[in-house]
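# Chains, contacts and geometry: an overview
What follows is the residue order along each chain.
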Amino acid sequence: MLVDHLLARGATDVRALTNHPDKAQLPDSVTVAEGYLRRLDSLPAVTPAMGEYARWYLEGMAGLVDAPQQANRLVEQLTGRPATTFAQWASAHADEFSGSGSAR
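Since the structure is predicted, the reported quantities are computational estimates derived from the model, not experimental observations.

## Topic: the overall build of the chain
A tally of regular secondary structure across the chain gives five helices and two strands. Along the chain, helices (α) and strands (β) appear in the sequence α-β-β-α-α-α-α when read from the amino end. Counting every position in the chain, which comprises 104 residues, the buried fraction comes to 19%. Counted over contacts in the chain with a minimum sequence separation of 6, partners at least 24 positions apart contribute 24%. Total accessible area on the chain stands at roughly 8200 Å², and carbon and sulfur atoms take up 54% of it.

If you want it as structure tokens, here you go:
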């Protein structure tokens, strides 16, 4: 689980979105946000940060649940190196989110 991996890497400000916080079995140090991407009305916490764009963003993300984007090699063609998954990127950059890494 990504949360466990971030904590193992020393991240200290980890947040998780779940529609069943009582069943998620997350450590006490993890900030839990309750919500479900398929029910946009369950995610009011993003509105203050994203304003009028929150619904547009969430609708787009929810649409990816049923129709995920197909992988392609465009990143590799443009950069000369293969793309990474989000989990790979998060693992490689965990220190930047823990407060112990240096900002870029």
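## A short note on the packing of aromatic side chains
Following the criterion strictly, the structure yields one aromatic pair and no others. When the ring of Phe 86 is compared with that of Trp 89, the centres are 5.9 Å apart and the planes differ by 25°; the resulting orientation is stacked. Of this pair, Phe 86 and Trp 89 both sit in helix H5 (residues 86-97), three residues apart, which is roughly one turn of the helix. Residue Phe 86 is classed as exposed on the basis of its relative accessible area, which comes to 58%. Here Trp 89 falls in the partly exposed class, since its relative accessible area comes to 35%.

## Description of the side chain of Ser 91
Here Ser 91 shows up in helix H5. A distance of 2.7 Å separates polar atoms of two side chains, one belonging to Ser 91 and the other to His 5. Residues contacting Ser 91, with those up to four places away along its chain left out, are His 5 and Arg 9.

## Describing the environment of Asp 66
Its place among the elements puts Asp 66 in helix H3 (residues 54-66). For Asp 66, a relative accessible area of 60% translates into the label exposed. Residues Asp 66 and Arg 38, 28 residues apart in the sequence, show an inter-C-alpha distance of 9.7 Å.

## Remarks on the confidence of the model for the chain
In the predicted model, the chain carries a mean pLDDT of 80, and the fraction of residues at 70 or more is 88%. Here helix H2 (residues 47-50) stands out as the element of the chain with the lowest mean pLDDT, 69, in contrast to helix H4 (residues 74-79), whose mean of 91 is the highest.

Analysis parameters
Residues numbered from 1 in each chain as written. Predicted model: local features only at pLDDT ≥ 70, side-chain atom pairs only at ≥ 80, totals over all residues. Heavy atoms only, no water. Helix = DSSP H or I, 4+ residues; strand = E, 2+ residues; numbered from the N terminus. Buried < 20%, exposed > 50% of the residue type's maximum accessible area, 1.4 Å probe, protein only. Contact = heavy atoms within 4.5 Å. Areas by Shrake-Rupley, 256 points an atom, 1.4 Å probe, with all protein chains shown as cover. Phe/Tyr/Trp six-rings, centres within 6.5 Å; stacked < 30°, edge-to-face > 60°. Polar contact = N/O pair within 3.5 Å; in protein donor to acceptor, adjacent residues only side chain to side chain. pLDDT = per-residue confidence, 0-100.

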